[in-house]
Every structure is written in C-alpha cells, then in structure tokens.
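Topology and contacts: notes
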Amino acid sequence: MKGDRVEIVVDAGDTTRTYEVVASRAGRRVETAVRRGVVEVSEVTRSGTVVRTARFMANRVLALVEQPVPREDSSEKTGQGGRPFREDPET
C-alpha cells in the first residue's frame, strides 16, 4: 500500500547508515527477502513487477524495520462491526 516503508540500518565501518524504501504510489507495496546472505528490499506493483530494489550484505545489516501504513478495518468503513471499542459489554 502507498506509504508502506522499510528502514534498513547498515554497519558502514566506523558509522551506521540508514536507508529507506517507500511504496511511492497507490497500489505498490514493499517486500523483503533474505537469500544467500543478501537482504533484498523491493518496491513491487500490484501485478508483481519490481520497480526498484535495494540489496545489502546480510552480515552488515543491523536492523530492518517494516513500518506499514495504518489501514482501516473494512467493518469500520461499512458500520457493521458490532459495538464500538470503548463500550462496556455489560451495559
């Protein structure tokens, strides 16, 4: 979904560097994969076409933080979800 992002913190010798991959347009998502010692973060379209990819050596990656955009629940949109969250069930 647009706005999803992944932050990658990498050891760069004497310092750390932070990179971000963001789903920049509607319908795109960010996928993460670890294969053969390489961390790969890709922005992907609805059809599965890769738009851009960032690759890092796995032994240099210190943190991989996925930050999804808060999504509305479908029951909240239609008004069919039972009682509101803060309502006391016994009253």
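The preceding data block contains the structure.
Parameters and conventions
Residues numbered from 1 in each chain as written. Predicted model: local features only at pLDDT ≥ 70, side-chain atom pairs only at ≥ 80, totals over all residues. Heavy atoms only, no water. Helix = DSSP H or I, 4+ residues; strand = E, 2+ residues; numbered from the N terminus. Buried < 20%, exposed > 50% of the residue type's maximum accessible area, 1.4 Å probe, protein only. Contact = heavy atoms within 4.5 Å. Areas by Shrake-Rupley, 256 points an atom, 1.4 Å probe, with all protein chains shown as cover. Pairing = 2+ DSSP bridges. Salt bridge = Lys/Arg side-chain N within 4 Å of Asp/Glu carboxyl O. Polar contact = N/O pair within 3.5 Å; in protein donor to acceptor, adjacent residues only side chain to side chain.

1. Here's the deal with the overall build of the protein chain
For the protein chain, the helix and strand inventory stands at 1 helix and 6 strands. Taken from the N to the C terminus, the helices and strands of the protein chain come in the order β-β-β-β-β-β-α. Buried positions account for 23% of the 91 residues belonging to the protein chain. In the protein chain, of all internal contacts separated by at least 6 residues, the share reaching a separation of at least 24 is 35%. When the accessible surface of the protein chain is summed, it comes to about 7100 Å², and 47% of that surface belongs to carbon and sulfur atoms.

2. Comments concerning the pairing of strand S5 (residues 50-57)
Pairing geometry for strand S4 (residues 38-44) and S5, over 7 bridges, is antiparallel. In the strand pairing of S5, Val 44 is matched with Val 50. Between S4 and S5, which pair antiparallel in sequence order, lie 5 residues; one of them, Gly 48, sits at a positive phi of approximately 100°.

3. Looking at the pattern of salt bridges
Considering all chains together, one arrives at 8 salt bridges under this definition. Close ionic contact of Glu 40 with Arg 55 constitutes a salt bridge, the shortest N to O distance being 3.0 Å. Placement of the pair is Glu 40 in strand S4 and Arg 55 in strand S5, with a sequence separation of 15 residues. Among the residues examined, Glu 40 registers a relative accessible area of 19% and is labelled buried. Owing to a relative accessible area of 58%, Arg 55 belongs among the exposed residues under this scheme.

4. Some words on the side chain of Thr 45
As for its placement among the helices and strands, Thr 45 is situated in the loop between S4 and S5. Of note is the side chain of Thr 45, whose polar atom sits 3.2 Å from the side chain of Ser 47.

5. Focus: unusual backbone geometry
At Arg 36, a residue that is not glycine, the phi angle is positive and equals roughly 50°. Structurally, Arg 36 can be placed in the loop between strand S3 (29-35) and S4. Taking relative accessible area as the criterion, Arg 36 reaches 88% and is therefore assigned exposed.

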